[in-house]
Amino acid sequence: MRNCNSLIFSLTFLAGFALTLASHPGCKAKTGKEEKSMDSLVKLPDIKERLAKYAPTDIVIDEKLLAPEDRQVLAKLVLAARKIDDIFWKQSYPEGLALKARLEQSAEPADKDYLRFLNINFGPFDRQDENRPFIGTAQKPAGAGFYPQDLTKEEFEAYLKQHPELRETFESPYTVIRRDAVGLTALPYNVAYKEDLEPVAGYLREAASLTSNESLKRYLNEKAADLLSNDYFNSDCLWIDLKGNLVEIVIGPYEVYEDSFMGLKASYESYVYFNDREEMKKIEGYLNFLEDMQRNLPVAPKYKDQKVTGLESPLHVVVEVLTAGDCKAGVQTSAFVLPNDERIREKKGTKKVFLKNIMEAKFGKSLVPIARRVLGPDDAAAVSFFAYFNETILHEICHALGLNYVTLPDGTKTTVNKALRDLQSCIEEAKADVVGVWNVPLLMERGWIPADKAKEVYTTYLAGMFRAMRFGVTEAHGLGTLIQFNYLRERGAFVHDPVAGTFRVDFGKIRDAVKDLAARFLVLEGDGDYDQVARFVKQYGQVDDVTRRTIDQLKDIPVDIEPIFHLSY
Ligand code: ZN
């Protein structure tokens, strides 16, 4: 799963107008039933504005920092990962590959932009504009390339009712559904993508032969075997167990977001990265204060009398070298939790991985410009990556604080999750944010966070709210942010300057306001009273005109980055 902070929900930007492209000699239609001649394709004219949502960003790593052995291993991992792009094109929208080839050959200068956007989206559909086609008029099939395009849910279900013995393979995350003369068939991924997977496995084995780290060697060999057998259990367990290695790869079919038809089929993706040992040590430092932070919660003992056992997933900080496939499409992942397989989650747990250089890039290209526009100059100057990163780590840690279980007025014991139903994730995300900010002064007293960072922390918190709210205030994280923003504004901790049109932090009021808000969320969760939560969400979950106008001013600021990888292999 991708990090809650990195999920972007559908946005409608600009109503595009279809424009017919004049034909030109550089483009000759190729054969193939899906293809149309170039002059019959329409293209949205606002491609430059669409591209501007993604700030091109060089992802550069200093290979000199790596030992010769790690460099050799890394080179093989990069070669393996690159092949994953080929598979994901086939999974996402196979017809897109022909379109890509034609744009690459086109002599039309504007086609460079269309090609770049096609590559960002892995197809002619704008992932940030509800998959609106920006080339052609075809709609993206809900089942991407995983199912026959004419298949309906009714037919799929009816077929499985007739053939119950096929249900498991048909519903497997690792098969594609095809139609043949007899009916429907489920083709395993290792058969469907065999020609791409064999070289991937070859590179992984070569990498395994080059490393002297035993855990990595075992993992890479097992991963190579698993990609070819279509059973990922063993290698995903070994990924959890990796120890002492610097370079690392995640590779295989994981997330099912691309399958909006049935939500069953996993897309191939790969992350190549190296572990940031210094940052990892720092995170261990934060975890030393877990119990201290629980005691420090500004609520009555009954709302915090639960022992904190630790985090659901250990936190890892890494430097991204390359991504490929699903996780490279559209908005970039800044953190992920894997594996998704419940059997492995039960047996081994999961790892949560933060891609620190990607977070830094997003901070620089998106959060800093937002801060300069929505904050007064003095506050904007204080916004820092240190505070942003600290806030992100504390958010993750503070999910573990407060209560997980509640006793309802009728005496039944249940989880906070179940009691708060659809409102749980909004409240839980907001709780993690504000409890994280509340704990900063404690960590300062303990000497863990430098005492002079308060201004950075609060201004970065405020700027980050606008980054979250511009993605929409209807989904959990955006709504949770809006509630925090409105509450803290009501308490006078955030002050609007109507003349400048900016906001500032009232440093005399913010700490107490954060304390009260943290308490509100902890009590809402601890009481588990759905109606009480619903009233609170309604009271503070409204966007007023000032907030709307401020968010609207951010339209031209990039929403995300377009990673440009520079590797010599
Ligand atoms: Zn979260």
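For the structure, see preceding data.
The paragraphs below set out a description of the structure included in this document. (Residues numbered from 1 in each chain as written. Predicted model: local features only at pLDDT ≥ 70, side-chain atom pairs only at ≥ 80, totals over all residues. Heavy atoms only, no water.)

### Regarding the pattern of salt bridges
Close approach of charged atoms allows side chains of opposite charge to pair.
Phase 1 of the analysis: Under the definition given, this model contains 41 salt bridges.
Phase 2 of the analysis: Two residues, Lys 356 and Glu 279, come together in a salt bridge whose shortest N-O distance is 2.9 Å. Taken together, the positions of Lys 356 in helix H14 (residues 356-374) and Glu 279 in helix H11 (residues 277-287) put the pair 77 residues apart, joining distant regions of the chain. Of the two residues, Lys 356 and Glu 279, both sit in the buried class. (Salt bridge = Lys/Arg side-chain N within 4 Å of Asp/Glu carboxyl O. Helix = DSSP H or I, 4+ residues; strand = E, 2+ residues; numbered from the N terminus. Buried < 20%, exposed > 50% of the residue type's maximum accessible area, 1.4 Å probe, protein only.)

### What about the sheet that holds strand E9 (residues 268-275)?
Phase 1 of the analysis: Pairing is mixed in the open sheet, where five strands are placed in the order E8-E9-E10-E12-E11. Only two strands of the sheet have a single neighbouring strand rather than two, namely strand E8 (247-253) and strand E11 (335-338). Strand-to-strand, the axes of this sheet are offset by a mean angle of 35°, without reference to chain direction.
Phase 2 of the analysis: As defined by bridge partners, E8 adjoins E9 across seven bridges and the pair is classed as antiparallel. Note on E9: the bridge partner recorded for Ile 251 is Ser 270. (Pairing = 2+ DSSP bridges. Axes fitted to C-alpha atoms, helices over the stretch in contact; angles between N-to-C directions.)

### Side note on the environment of Thr 474
Phase 1 of the analysis: Structurally, Thr 474 can be placed in the loop between helix H19 (454-470) and helix H20 (476-490).
Phase 2 of the analysis: With relative accessibility at 76%, the residue Thr 474 sits in the exposed group.

### Digging into the side chain of Asp 326
Phase 1 of the analysis: Position of Asp 326 relative to the elements: it lies in the loop between strand E10 (315-325) and E11.
Phase 2 of the analysis: You can call Asp 326 buried: its relative accessible area is 5%.
Phase 3 of the analysis: Leaving out residues up to four positions away in the same chain, Asp 326 has contacts with Arg 2, Phe 88, Glu 255, Glu 258, Ser 267, Tyr 268 and Glu 269. (Contact = heavy atoms within 4.5 Å.)

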